Amino acid sequence: DVKVTQSSRYLVKRTGEKVFLECVQDMDHENMFWYRQDPGLGLRLIYFSYDVKMKEKGDIPEGYSVSREKKERFSLILESASTNQTSMYLCASSPFPIPLLKRQLISYEQYFGPGTRLTVT
Amino acid sequence: DQQVKQNSPSLSVQEGRISILNCDYTNSMFDYFLWYKKYPAEGPTFLISISSIKDKNEDGRFTVFLNKSAKHLSLHIVPSQPGDSAVYFCAASDRGGGNKLTFGTGTQLKVEL
């Protein structure tokens, strides 16, 4: 059974603070993702990683950075928290993509953690 | 630019009736589609998926239909149950995007007694 855990369920920080959100998965997945969920906007991808020490920007990377020093752990960093970063943050993981020819035969399911509700005051 | 759209932010259905949730997409490179269900204060959980080589996939009370020419998919839940009340997100993956998913904005389903 896949398990994705996030370090905090609720977090309250002040404007300007540096914030670390941690995510750990136990299924040896290569891919890990960070999203934020806001009302009316759905899930938006912040950053993702296909391998250790590798990262790629998603759709809304501004104001965020990430770190992946170990395969099972993917950290999201808010360098200087602002009130517009108040949101639900969701981490997900998935196994590595398969060769194109077999693509239709497997699922591209991502497995999500429970989320961290971050409030920046 | 929203590549995956769920135009109905909310839907209310009576218990036992059919729930139909709709999703439209604009990127013709999308070839795999998923539906996720999300309860408040929990992460999304996978519900059902469909590859672009199919036009229908069924799993118990849940059926997903894909109309590639219209770039439209729908999720049917029948019969609807109160426990189905949640936010439903559709998501899509494209050939060159590896395992990256693009999500819609979500539809809040309420199943009433």
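The rules behind the values
The written sequence of each chain sets the order in which its residues are numbered from 1. Here the convention is simple: chains get letters from A, ligands get numbers from 1, in the order in which they are written. Confidence filtering applies because this is a predicted model: local features only for residues at pLDDT of at least 70, side-chain atom pairs given and counted only at 80 or more, and all residues used for totals across whole chains, interfaces and linings. Think of the side-chain values as coming from all heavy atoms in the structure, minus any hydrogens and water. Count a disulfide wherever a pair of cysteine sulfur atoms falls within 2.5 Å. Numbered from the N terminus, helices here are DSSP runs of H or I no shorter than four residues, and strands are runs of E no shorter than two. For every residue, the accessible area (1.4 Å probe, protein chains only) is compared with the maximum for its type, and the residue is labelled buried under 20%, exposed over 50%, or partly exposed between those bounds. Should DSSP find at least two bridges between two strands, the strands are regarded as paired. Whenever a helix is involved, its axis is fitted only over the stretch in contact; in every case the axis is a line through C-alpha atoms, and angles between N-to-C directions fall within 0 to 180 degrees. The criterion used for residue contact is that any of the two residues' heavy atoms lie within 4.5 Å. Summed over both partners, buried area is the accessible surface (1.4 Å probe) that two parts give up on being assembled. The working definition used for a salt bridge is a side-chain nitrogen of Lys or Arg within 4 Å of a carboxyl oxygen of Asp or Glu. Identification of polar contacts relies on pairs of N or O atoms within 3.5 Å, with a donor-acceptor requirement for protein atoms, meaning one able to donate a hydrogen and the other able to accept it, and with residues adjacent in sequence counted only if both atoms are side-chain atoms. Residues enter a nonpolar core if they are buried and are Ala, Val, Leu, Ile, Met, Phe, Trp, Tyr or Cys, with the set joined through side-chain atoms within 4.5 Å.

Participant: Run through the state of the cysteines, naming residues and quoting values.
Facilitator: Enumeration over the complete set of coordinates arrives at two disulfides over all chains. Here Cys23 of chain A is linked by a disulfide to Cys91 of chain A, with a sulfur-sulfur distance of 1.8 Å. A torsion of -80° about the S-S bond marks the disulfide between Cys23 of chain A and Cys91 of chain A as left-handed. Residue Cys23 of chain A is found in strand 3 (residues 19–25), and its partner Cys91 of chain A is found in strand 9 (residues 87–94); the two are separated by 68 residues along the sequence. Each of the two residues, Cys23 of chain A as well as Cys91 of chain A, counts as buried. In this model, Cys23 of chain B is linked to Cys90 of chain B through a disulfide, with the two sulfur atoms separated by 1.9 Å. Its S-S torsion of about 65° marks the bond between Cys23 of chain B and Cys90 of chain B as right-handed, since a negative value means left-handed.

Participant: Can you explain the sheet that holds strand 8 (residues 73–78) of chain A? Please cite residues and give values.
Facilitator: Residue and element names in this part refer to chain A. On the basis of which strands lie adjacent, the open sheet formed by four strands has the order 1-3-8-7 and antiparallel pairing. Whereas interior strands pair on both sides, the edge strands pair on one side only; in this sheet they are strand 1 (4–6) and strand 7 (64–70). Taking the axes of each pair of neighbouring strands and ignoring which way they run, one obtains an average angle of 20° across the sheet. Two elements, strand 1 and strand 3, share three bridges in a ladder whose sense is antiparallel. When the sheet's bridge partners are listed, Thr5 is paired in strand 3 with Val24.

Participant: Summarise the sheet that holds strand 3 (residues 19–25) of chain B; cite the residues concerned and give the values.
Facilitator: All names here are of chain B. With antiparallel pairing, the five strands of this open sheet are ordered in space as 1-3-8-7-6. With partners counted over all chains shown, the strands left at the sheet margins are strand 1 (4–5) and strand 6 (56–59), one partner each. Note: strand 7 (residues 62–67) against strand 8 (residues 72–77), six bridges, orientation antiparallel. Directly across from Thr63, in strand 8, lies its bridge partner His76.

Participant: Please give an account of the interface of chain B and chain A that cites residues and values.
Facilitator: The interface is formed by 24 residues belonging to chain B together with 28 residues belonging to chain A. Summed over both sides, the interface of chain B with chain A buries roughly 2,100 Å², with 56% coming from carbon and sulfur. On inspection of chain B and its partner chain A, the count reaches zero salt bridges. In this structure, the connection of chain B to chain A is made through four residue pairs in polar contact (both at pLDDT 80 or more).

Participant: Residues and numbers for the nonpolar core, please.
Facilitator: Residues and elements named next belong to chain B. Counting 23 residues, the largest nonpolar core has Phe33, Trp35, Leu73, Leu75 and Tyr88 as its most contacted members. Put simply, the parts of the chain that give this core at least two residues each are strand 3, strand 4 (30–38), strand 5 (45–51), strand 7, strand 8, strand 9 (86–94) and strand 11 (107–112). Here this core takes four residues from strand 9, the largest share from any one element. Residues within four places of Phe33 in sequence aside, it is in contact with Tyr25, Ile48, Ser49, Ile50, Leu66, Leu73, Ala91 and Ala92.

Participant: An account of the environment of Val4 of chain B is requested, with residue identities and associated values reported.
Facilitator: Residues and elements named next belong to chain B. Relative to the helices and strands, Val4 is located in strand 1. Classification of Val4 as buried rests on a relative accessible area of 1%. Remark: the alpha-carbon pair of Val4 and Cys90, spanning 86 residues in sequence, is separated by 7.7 Å. What Val4 contacts, discounting residues up to four positions off in sequence, is Cys23, Asp24, Tyr25, Phe30, Cys90, Ala92, Thr102, Phe103, Gly104 and Thr105.

Participant: Got a sec to walk through the pattern of salt bridges? Specific residues and values, please.
Facilitator: Evaluation of the coordinates by the stated rule reveals nine salt bridges over all chains. Between Lys53 of chain A and Glu69 of chain A there is a salt bridge whose closest N-O contact spans 2.4 Å. Of this pair, Lys53 of chain A sits in the loop between strand 5 (42–49) and strand 6 (56–57) while Glu69 of chain A sits in strand 7, and the two are 16 residues apart along the sequence. Exposure remark for Lys53 of chain A: the relative accessible area of 61% places this residue in the exposed category. For Glu69 of chain A, a relative accessible area of 51% corresponds to the exposed category. In this structure, Asp84 of chain B engages Arg61 of chain B in a salt bridge whose closest nitrogen and oxygen atoms are separated by 2.8 Å. A residue pair is termed long-range when its members are at least 10 positions apart, and Asp84 of chain B in the loop between strand 8 and strand 9 and Arg61 of chain B in the loop between strand 6 and strand 7 qualify at 23 residues. Residue classification places Asp84 of chain B among the buried positions, given a relative accessible area of 2%. Taken together, the salt bridges that share partners define one network made up of Asp28, Glu30 and Lys71 of chain A.

Read these as geometric descriptors, not functional statements.
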